[in-house]
Structure formats: C-alpha cells, structure tokens
Amino acid sequence: MKLFSSQRKEVTPDELWLVEHPAVYTLGQGAKEVVVSNGIAVVKSDRGGEITYHGPGQVVLYALVDLARRGIKVKEFVGLLEQAVIDLVGPRAGRRAGAPGVYVGGAKLAALGIRVTRGRSYHGLALNVDMDLAPFAAIDPCGFSGLAVTQMKDLGFSMSMEETGKRLTKLLSERIEDA
C-alpha cells in the first residue's frame, strides 16, 4: 500500500483493496503505546486515529485515491467513506460528532483511519461483519473508553464477507465518482 502510493503517477488509476486481516491491534498516529495480555500483536501504523482491532470476519477496505486529482478535500473523503457504510446499512446507521466512523445505537460498526500524502490517500475503513468482538474489550476502541462495538450480524444482516465487500466497494466507488 505504501509502495503503491509512493510510486503513483498523475495518471495512475485509483484502487480499492479488500482484505481480511488476522487478529491484530493497530495503533494510529494519535495512539499511545498499549500493553494487552491476550496474545494479540500490537502494530504501529502511519494512518490517522487511535487504536483499533482487526480480525477475521471484518471487511477492511483500503482506499488508494488521488484526492488532489479528483478535487476531494480530506474531510469530504472521510464523509464519503462513512456514507458508503451508511448506504450499505441503512438509516439506523450514522455519524458521531468528533469521532470518525459509523455507529448504530451508539455502538461503533465501522472504524476508519486514513493517511494522505501528496494529495493521495491510503488506509481506509474496517467494517465489522461477523467476527469475535471480544478483543475490543482489551482496548479503548478508537481512543474512547468503554465504547461499545457492534457488527452487521448482530444487526440482522446475513450477507457473506464476500458480498459485503463487493457491495461496500461498489457504494464507495459510486460516491467517489460522484464527488
């Protein structure tokens, strides 16, 4: 992702990458060092934000987008990422002032953290689909003590990881093209 971003030219097409990570905590640039006792690795990242958990059953969508070429501001791009998830989940999902991501009933459904270098973004969002949420209890998700997390399965969705990823990618692609 870093290599792709550093080698981009003005004509390099944007890309959206879907991945599913093994269990890992990632520390954004705003995060303090943490010690967890559950054996899950903690890795520093150059994305924005605090600490989050990634693991099996979570769709991670990396958005490698030339924001400058498209005339998209960083805050607008964050809104596009959030809106793609809201479009997928429906009207019960929404934003929370001062806390990027997507929430349902006060619980975080999707976390996001990006990095923008030379007008180009990388990193992206993580959507909890059908996963073990227990590792979130060992941290303050996104830097918020006691923040509840949820997942699409618990909201009544039965889409597979593959279908969820495809739909989310399509929705984000449409949002970016329309920006």
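See above for the structure.
The structure displayed is predicted, hence computed values, not measured ones.

A. How the structure looks around the sheet that holds strand β5 (residues 58–64). Read across the open sheet, the six strands follow the order β1-β5-β9-β8-β7-β6; overall the sheet is antiparallel. With partners counted over all chains shown, the strands left at the sheet margins are β1 (15–19) and β6 (93–96), one partner each. Direction aside, the axes of adjacent strands within the sheet are offset by 20 degrees on average. Pairing of strand β8 (residues 107–117) with strand β9 (residues 120–128), which is carried by eight bridges, proceeds in the antiparallel orientation. Within β9, the residue paired with Arg 115 across the bridge is Tyr 122.

B. Geometry of helix α3 (residues 74–89). With 16 residues, α3 ought to run about 22 Å at 1.5 Å a step, and its terminal C-alpha atoms sit 23 Å apart, in line with that. Judged by how many residues are buried, α3 sits mostly within the fold: twelve of 16 residues are covered. Restricting attention to buried positions, one finds in α3 the residues Phe 77, Val 78, Gly 79, Leu 80, Leu 81, Glu 82, Gln 83, Ala 84, Val 85, Ile 86, Leu 88 and Val 89. Just beyond α3, the residue with positive phi is Gly 90, at close to 105 degrees.

C. Focus on the pairing of strand β7 (residues 99–104). The buried count for β7 comes to five of six residues, which makes it a mostly enclosed element. Across three bridges, β6 lies against β7 in antiparallel orientation. Considered in β7, the bridge of Ala 93 is made with Val 104. Counting the residues that bridge the hairpin from β6 to β7 gives two residues, and of these Gly 98 lies at a positive phi of roughly 75 degrees. Taken together, the three bridges between β7 and β8 define a ladder with antiparallel strand orientation. Bridge pairing in β8 places Val 104 opposite Ala 107.

D. The arrangement of the sheet that holds strand β2 (residues 24–27) in detail. Taking strand neighbours across the sheet as the criterion, the three strands line up as β3-β2-β4 in an open arrangement whose pairing is mixed. Every interior strand has two partners, whereas the edge strands, β3 (42–44) and β4 (51–54), have only one. Mean inter-strand twist for the sheet, computed between neighbouring axes without regard to direction, equals 30 degrees. Note that β2 and β3 share three bridges and pair parallel. Considered in β3, the bridge of Leu 27 is made with Lys 44.

E. Seen up close, the packing of aromatic side chains. On inspection of all chains with the given rule, the structure shows three aromatic pairs. Taken together, the aromatic side chains of Tyr 25, Tyr 53 and Phe 136 make up a single cluster linked through ring pairs. Seen from the ring of Phe 144, Arg 96 lies directly overhead, with NZ or CZ sitting 5.1 Å from the centre.

Calculation notes
Residues numbered from 1 in each chain as written. Predicted model: local features only at pLDDT ≥ 70, side-chain atom pairs only at ≥ 80, totals over all residues. Heavy atoms only, no water. Pairing = 2+ DSSP bridges. Helix = DSSP H or I, 4+ residues; strand = E, 2+ residues; numbered from the N terminus. Axes fitted to C-alpha atoms, helices over the stretch in contact; angles between N-to-C directions. Expected span 1.5 Å × (residues − 1). Buried < 20%, exposed > 50% of the residue type's maximum accessible area, 1.4 Å probe, protein only. Phe/Tyr/Trp six-rings, centres within 6.5 Å; stacked < 30°, edge-to-face > 60°. Lys NZ or Arg CZ within 6 Å of the ring centre and 35° of its normal.

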